[in-house]
Amino acid sequence: MTAFRHRFDQTVLREYDIRGIVGKTLRPEDAFAIGRCFGSVVVRAGGKRVAVGYDGRLHSPEMEAQLVAGLRACGLDVVRIGLCATPMLYFAAYDQEADGAAMVTGSHNPPDYNGFKMMIGKKPFYGAAIQEIGRMAAEGDVVAERAGSDRSVDIAGRYADRVLQDWDGGDRKLKVVWDPGNGSAGPIVKALAARLPGTHFVINGDVDGNFPNHHPDPTVAKNLEQIIAEVAREKADLGIAFDGDGDRIGVVDNEGHILFGDQLLIVLARDVLKAKPGGTIIADVKASQVLFDEIAKAGGNPLMWKTGHSLIKAKMAETGSPLAGEMSGHIFFADKWYGFDDAPYSAVRLLGIVARMAGKLSEVRAALPQVINTPELRFNCEEARKFVVVKEVKDRLAAEGAKVQDVDGVRVLTEDGWWLLRASNTQAVLVARCEASSEAGLERLKAQLVKQLVASGLEAPDFSAENAGH
């Protein structure tokens, strides 16, 4: 028998997952190697069973088959969930008492991408653990090969039952537009919509890995144009959109206005804090100051944390937080739920809140303090330089006596508002954002950001493509 050894393209092993371009940086043999190495990690931790699912991309079934072959070669019992949304795979890890889970998904990336998200036990598998997969493969550091097994399990019915167990909107009949974006959440969204009170319209509900109608990323306004038009046409109470694998949510109110991730979290947090007064609500460093202020007003303990779904989940477990969220649309409920990012579940909880409202969702959004901000600005910076630049900026700001929050990069507080600079964990880019209470204040914040970037030898970011924020 030939000893196992494998080398991955250096670009695919990322901070939170494994992701690449199929046929170029990611191939079926990589999927087998991931199964062989991740399976070895599970076995060495005393595990015996791994749950596996895949999204709607055209190459996902082949990738899943090779992943399963690698896991079986470690002697594991593989529970195959089939085509599903990522949160359904996370749920299966609990429901099937699995010791690990692996999802084949390219998330919201273009159709030629694919990748893998993993759990070890009931915790996210990320960071150094993903880099260790690369070392194990290169050195052939895997458990001895032995025959495992696999079986297919239909989890959809049990998942839907468990989600709807937490429906708390009574029998009020809302009118709702759903848009899974032809991603793998389509079938479960249809199933949930069919069982909820009210009138429901599902657009782009058929799974199609070509994503023929729009890109499945609900954080990009252009991708919400279709659902906004449908909400207007049907005079709906709200619209709910999903990314390619159903772990991120986008929301449009009855007037067609987008609720950004931090605005959505305010609506959810106010409700959760009624039952969990004083609870710690976590949001990433890119969120508006309005969010943190509103959580405090609602009797919660706001906690700013690092961007990244795996990092947020770990912090929730550490602090006992009942709810967390990111600007990217990852929402994590540990109140009644399991603490993982789950867009269909978050949608049902949101609908319950809207059903109990005296007024409209648009009134809640309009009543929030109004601020002006840039979108997320991303600009190229060499991998070896990006963290160095952030440290240089931090050191200069410290010398100037600036008020800085440094939980993830630098978030600089001024009388005008705040500006943020952080290094991306997944790409060779720096990420920046500014928020102020006035246009003049926003210009002053941008000028401060530009000054610091130029001082570190970088070009100023291009603000020309920005739009008014919230």
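Going by what an unreviewed UniProt entry lists, the protein chain is known as Phosphomannomutase/phosphoglucomutase and is assigned to Roseomonas nitratireducens. UniProt annotates the protein chain under Sequence similarities (unreviewed entry) with the comment "Belongs to the phosphohexose mutase family." Under the Cofactor (unreviewed entry) heading, UniProt states for the protein chain: "Mg(2+)".

*Asks:* Hey, could you run me through the overall build of the protein chain in this one?
*Replies:* Counting its regular elements, the protein chain contains 14 helices and 22 strands. Relative to a compact globule of 470 residues, whose C-alpha radius of gyration would be 23 Å, the protein chain shows 22 Å and is just as compact. When burial is assessed residue by residue, the protein chain has 58% of its 470 residues classed as buried. Looking at the protein chain alone, contacts between residues at least 24 apart form 70% of all its contacts between residues at least 6 apart. Per element, the accessible surface of the protein chain, about 18,300 Å² overall, is 50% carbon and sulfur. With 56 positive and 63 negative side-chain charges, the protein chain shows a spacing of 3 Å between the two charge centroids.

*Asks:* Please explain the pairing of strand 5 (residues 113-120) as it appears in this structure.
*Replies:* Successive side chains on a regular strand alternate, one facing one side of the sheet and the next facing the other. Burial of strand 5 is extensive: six of the eight residues sit out of reach of the surface. As defined by bridge partners, strand 1 (residues 18-21) adjoins strand 5 across four bridges and the pair is classed as antiparallel. Within the sheet, the bridge partner assigned to Ile-18 lies in strand 5 and is Phe-116. Examined bridge by bridge, strand 4 (residues 100-104) and strand 5 share five bridges and lie antiparallel to one another. Note on strand 5: the bridge partner recorded for Val-104 is Phe-116.

*Asks:* Mind showing me how you'd approach the nonpolar core here?
*Replies:* A general feature of soluble globular proteins is that nonpolar side chains tend to end up buried together. Within the largest apolar cluster, 75 residues are counted, with the highest numbers of intra-cluster contacts made by Trp-178, Leu-238, Ile-240, Leu-323 and Leu-351. The greatest single-element share of this core, amounting to nine residues, is contributed by helix 11 (residues 343-356). In contact with Trp-178, not counting residues within four places along its chain, are Val-189, Ala-193, Leu-196, His-200, Phe-201, Val-202, Ile-203, Ile-227, Ile-240, Phe-242, Ala-347 and Leu-351. Grouped together as the second largest cluster of nonpolar side chains are 33 residues, Phe-8, Met-63, Val-68 and Leu-71 included.

*Asks:* What am I meant to see in the pairing of strand 2 (residues 49-54) here?
*Replies:* The element strand 2 is largely enclosed, with a buried count of five among its six residues. For strand 2 and strand 3 (residues 77-83), the ladder comprises six bridges, and the chain directions are parallel. By the bridge assignment for strand 3, Val-52 is matched with Arg-80. Bridging between strand 2 and strand 4 involves five bridges; their strand directions are parallel.

*Asks:* I'm lost on the confidence of the model for the protein chain in this one. Help?
*Replies:* Low pLDDT means the predicted coordinates in that region are not meant to be read closely. Per-residue pLDDT for the protein chain averages 95, and the proportion of residues at 70 or more is 98%. Ignoring residues within four places in sequence, the model shows residues 466-470, a span with pLDDT below 50, making 18 contacts including any to other chains.

*Asks:* Teacher, can you tell me more about the UniProt feature "domain: Alpha-D-phosphohexomutase alpha/beta/alpha" (unreviewed entry) in the protein chain here?
*Replies:* The UniProt feature table records "domain: Alpha-D-phosphohexomutase alpha/beta/alpha" (unreviewed entry) at residues 13-133, 159-256 and 261-370. The span residues 13-133 is 38% helical and 26% strand by assignment, and the distance between its end C-alpha atoms comes to 8 Å.

*Asks:* What am I meant to see in the packing of helix 3 (residues 86-95) against helix 5 (residues 156-164) here?
*Replies:* For any two helices packed against each other, one specifies the crossing angle of their axes together with the interaxial distance. Direction vectors running N to C along helix 3 and helix 5 enclose 95°, while the axes themselves pass 10 Å from each other. Relative to helix 5, the element helix 3 is oriented roughly perpendicular. Note on element contacts: helix 5 touches helix 3 through Ala-156, Arg-158, Tyr-159 and Arg-162, opposite Pro-87, Met-88, Phe-91 and Asp-95. Here the residues of the contact of helix 3 with helix 5 sort into five nonpolar, no polar and three charged.

*Asks:* Mind showing me how you'd approach the sheet that holds strand 11 (residues 249-253) here?
*Replies:* Consider a sheet: its strands pair through backbone hydrogen bonds, and that pairing is either parallel or antiparallel. An order of 9-8-10-11-12 is seen for the five strands of this open sheet, with the pairing classed as mixed. Bordering the open sheet on either side are strand 9 (199-202) and strand 12 (258-259), each of which pairs with just one other strand. Bridge count for strand 8 (residues 175-179) against strand 10 (residues 238-242) is four bridges, and the pairing is parallel. Within strand 10, the position partnered with Trp-178 by the bridge is Ile-240. Contacts between helix 11 and the sheet are confined to strand 8, strand 10 and strand 11, with strand 10 contributing the most and set at about 170° to the helix.

*Asks:* Explain the sheet that holds strand 13 (residues 280-284) here, please?
*Replies:* Here four strands make up an open sheet; going across it, the order is 14-13-15-16 and the pairing mixed. The two strands at the open ends of the sheet, each matched to only one other strand, are strand 14 (301-305) and strand 16 (331-333). Across the sheet, the mean angle from the axis of one strand to that of its neighbour is 15°, orientation sign disregarded. Strands strand 13, strand 14, strand 15 (323-325) and strand 16 of the sheet are contacted by helix 10 (residues 309-319), whose axis makes an angle of about 165° with strand 13.

*Asks:* I would appreciate a short explanation of the pattern of salt bridges in the present structure.
*Replies:* Where charged atoms from two side chains of opposite charge come close, those side chains can pair. Using the criterion set out here, one finds 41 salt bridges in the structure. Arg-158 serves as the salt-bridge partner of Asp-95, at 2.9 Å between the closest nitrogen and oxygen. With Asp-95 in helix 3 and Arg-158 in helix 5, the pair connects residues that are 63 residues apart, well separated along the chain. A salt bridge links Lys-117 to Asp-247; the shortest N-O distance between them is 2.6 Å. Note that Lys-117 is positioned in strand 5 and Asp-247 in the loop between strand 10 and strand 11, a separation of 130 residues in sequence. Like Lys-117, the residue Asp-247 is buried in the burial classification. Bridged by salt links that share partners, the residues Arg-44, Glu-132, Arg-135, Glu-139 and Asp-141 form one connected network.

Conventions and cut-offs
Residues numbered from 1 in each chain as written. Predicted model: local features only at pLDDT ≥ 70, side-chain atom pairs only at ≥ 80, totals over all residues. Heavy atoms only, no water. UniProt positions renumbered as here; feature names shortened; annotations may be inferred. Helix = DSSP H or I, 4+ residues; strand = E, 2+ residues; numbered from the N terminus. Rg over C-alpha atoms; globule rule 2.2 N^0.38 Å. Buried < 20%, exposed > 50% of the residue type's maximum accessible area, 1.4 Å probe, protein only. Contact = heavy atoms within 4.5 Å. Areas by Shrake-Rupley, 256 points an atom, 1.4 Å probe, with all protein chains shown as cover. Lys, Arg positive; Asp, Glu negative; His and termini not counted. Charge placed at Lys NZ, Arg CZ, Asp CG, Glu CD. Pairing = 2+ DSSP bridges. Core = buried A, V, L, I, M, F, W, Y, C linked by side-chain atoms within 4.5 Å. pLDDT = per-residue confidence, 0-100. Axes fitted to C-alpha atoms, helices over the stretch in contact; angles between N-to-C directions. Parallel < 35°, antiparallel > 145°, perpendicular 65-115°, else oblique. Nonpolar A, V, L, I, M, F, W, Y, C, P; charged D, E, K, R; others polar. Salt bridge = Lys/Arg side-chain N within 4 Å of Asp/Glu carboxyl O.

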